[in-house]
Each structure stands twice: as C-alpha cells, then as structure tokens.
Amino acid sequence: SQELEQSPQSLIVQEGKNLTINCTSSKTLYGLYWYKQKYGEGLIFLMMLQKGGEEKSHEKITAKLDEKKQQSSLHITASQPSHAGIYLCGVPSPGSGYALNFGKGTSLLVTP
Amino acid sequence: DTAVSQTPKYLVTQMGNDKSIKCEQNLGHDTMYWYKQDSKKFLKIMFSYNNKELIINETVPNRFSPKSPDKAHLNLHINSLELGDSAVYFCASSRADRAYGYTFGSGTRLTVV
C-alpha cells in the first residue's frame, strides 16, 4: 500500500509568517488531495493535484506536486489564526475502492 | 444545503450495546465511505461502497457493518460496542471517477463507557 509521511507533525507559527508542510509518498504520486480539519470539525477540501509539476493556489494557500520527489508541498503565505487546524494529504487507494488513504496530518497553530 | 450529513453528532453508549450512525449525501455521488479517526487524529478507511461492491478494510472487526438502503445513504451499524470503538467516525462520498474530490461529513463522536 502507498504510505504518506507528513512533516512536520506539528507547527506553531506567529501570525504573518509563511510556512510549508510536506507530504512524501512511498510510491509514485499520480494524484494527491489536501484537506484541512478545524479542531473538532469535519474535513474541508483544499486542493486536488493531478499532474507532476502542477501548482494550485487558493487565497493564501499554494500546493505543488513534485512527481520526481514523490512529494507534495503546501505553502501558506502570511498566516492568520484562521489557518489553524490539521492539514491532511491523501491519495486514492485502489485496494480500498479508491478511498483516500491519508497521512497522519500536520497540526498548525498560529499565534497572535 | 448540507452535502454529506451524519447523525447523530455525538453518541454516548455503554459497552455491549448495538448502535447505528446514519449518513446521507445529496450530491448524487456513486461511492460512499466510512472512516475512523482515532485519538491521535489518524484517519483510517473502514469501508468503501458503491452500488456494485463493498470493500472492507481487513482490520475492521466484523462487529461493524455498513448498510445502504439506497444510493444516497450508507449507515454504519456497530454490534457489541467495546471501549476501543470510541473515536470520531466520518462518512464521505465521491463520484465513481473521483472528479471534484471527496466530500466529508462533519463526523460523529462515539464514546463507549
């Protein structure tokens, strides 16, 4: 099965600072999804990356897919308290009916 | 309009009881899923179901069973609840081709006492 490792596991940044979260796969990445989970709530879809080299942005969040490195990165510019939560990367798993197989998540806290 | 809705949001029950969690999606999706999120926040797939087949994660105890009365619903039944079943359970859905991604419900926090 395809394993996803996220780094760092947790992150505390000051408001206004930039940050990057990485998601590294044990196998070739053909597509990857990023989700955010606010504490105690459900998952919010952020972005879907389908091709190597693809880069997508939404507001202050940018995600890239580097197929050679088998890695995706999520970059937040000028972080705000509203960015706090758990960020999860996931890939469809053929052996599980294409359910998303997730990494263990990165917990982000943004301090004033 | 809620796309994927789960009920109840919270469920507290005693060991040994049987309980159900309901999930409904109004997106016209073909495939529905159940996930378990443990205390360390790790999300693990339990079941994947479309109108053709049910795929069960081999680590899921057979006390857990999904039931789909129709394409829009996938309910989770749990028999003989154990303390270790305490977790947050998420329902999700997607199109068969997974275009437009996966939509998740807001979760059901199950506490077994």
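The paragraphs below set out a description of the structure included in this document. (Residues numbered from 1 in each chain as written. Chains lettered and ligands numbered in written order. Predicted model: local features only at pLDDT ≥ 70, side-chain atom pairs only at ≥ 80, totals over all residues. Heavy atoms only, no water.)

### Re the packing of aromatic side chains
Step number 1: A complete count under the given rule lists 9 aromatic pairs over all chains for this structure.
Step number 2: Measuring from ring centre to ring centre gives 5.8 Å for A:Phe102 and B:Tyr35, while their planes differ by 65°; the resulting arrangement is edge-to-face. Taken together, the positions of A:Phe102 in strand 10 (residues 99–102) and B:Tyr35 in strand 4 (residues 31–37) put the pair across two chains.
Step number 3: Residue classification places B:Tyr35 among the buried residues on the basis of a relative accessible area of 0%.
Step number 4: Between B:Tyr35 and B:Phe104, the ring centres sit 5.4 Å apart and the planes meet at 45°, which makes this aromatic pair tilted. Separated by 69 residues along the polypeptide, B:Tyr35 in strand 4 and B:Phe104 in strand 10 (residues 102–104) bring together distant segments of the chain. Across the pair, B:Phe104 and B:Tyr35 agree in class, each one buried.
Step number 5: Ring pairs connect the aromatic residues A:Tyr35, A:Phe45, A:Phe102, B:Tyr35 and B:Phe104, which therefore count as one cluster.
Step number 6: Over the ring of B:Phe42 we find A:Lys104, and its NZ or CZ is 5.7 Å from the ring centre. (Phe/Tyr/Trp six-rings, centres within 6.5 Å; stacked < 30°, edge-to-face > 60°. Helix = DSSP H or I, 4+ residues; strand = E, 2+ residues; numbered from the N terminus. Buried < 20%, exposed > 50% of the residue type's maximum accessible area, 1.4 Å probe, protein only. Lys NZ or Arg CZ within 6 Å of the ring centre and 35° of its normal.)

### Topic: the interface of chain B and chain A
Step number 1: Contacts between the two partners involve 17 residues from chain B and, on the opposite side, 19 residues from chain A.
Step number 2: Interface of chain B and chain A: buried area, both sides summed, is about 1600 Å²; carbon and sulfur atoms make up 61% of it.
Step number 3: Put simply, chain B and chain A have 5 residue pairs in polar contact (both at pLDDT 80 or more) between them.
Step number 4: Listing elements by their share of the side of chain B that touches chain A, those giving two or more residues are strand 4, strand 5 (43–49) and strand 10 of chain B.
Step number 5: Tallied by class, the residues present in the side of chain B that touches chain A amount to 10 nonpolar, 5 polar and 2 charged. (Contact = heavy atoms within 4.5 Å. Buried area = accessible area lost by both parts, 1.4 Å probe. Polar contact = N/O pair within 3.5 Å; in protein donor to acceptor, adjacent residues only side chain to side chain. Nonpolar A, V, L, I, M, F, W, Y, C, P; charged D, E, K, R; others polar.)

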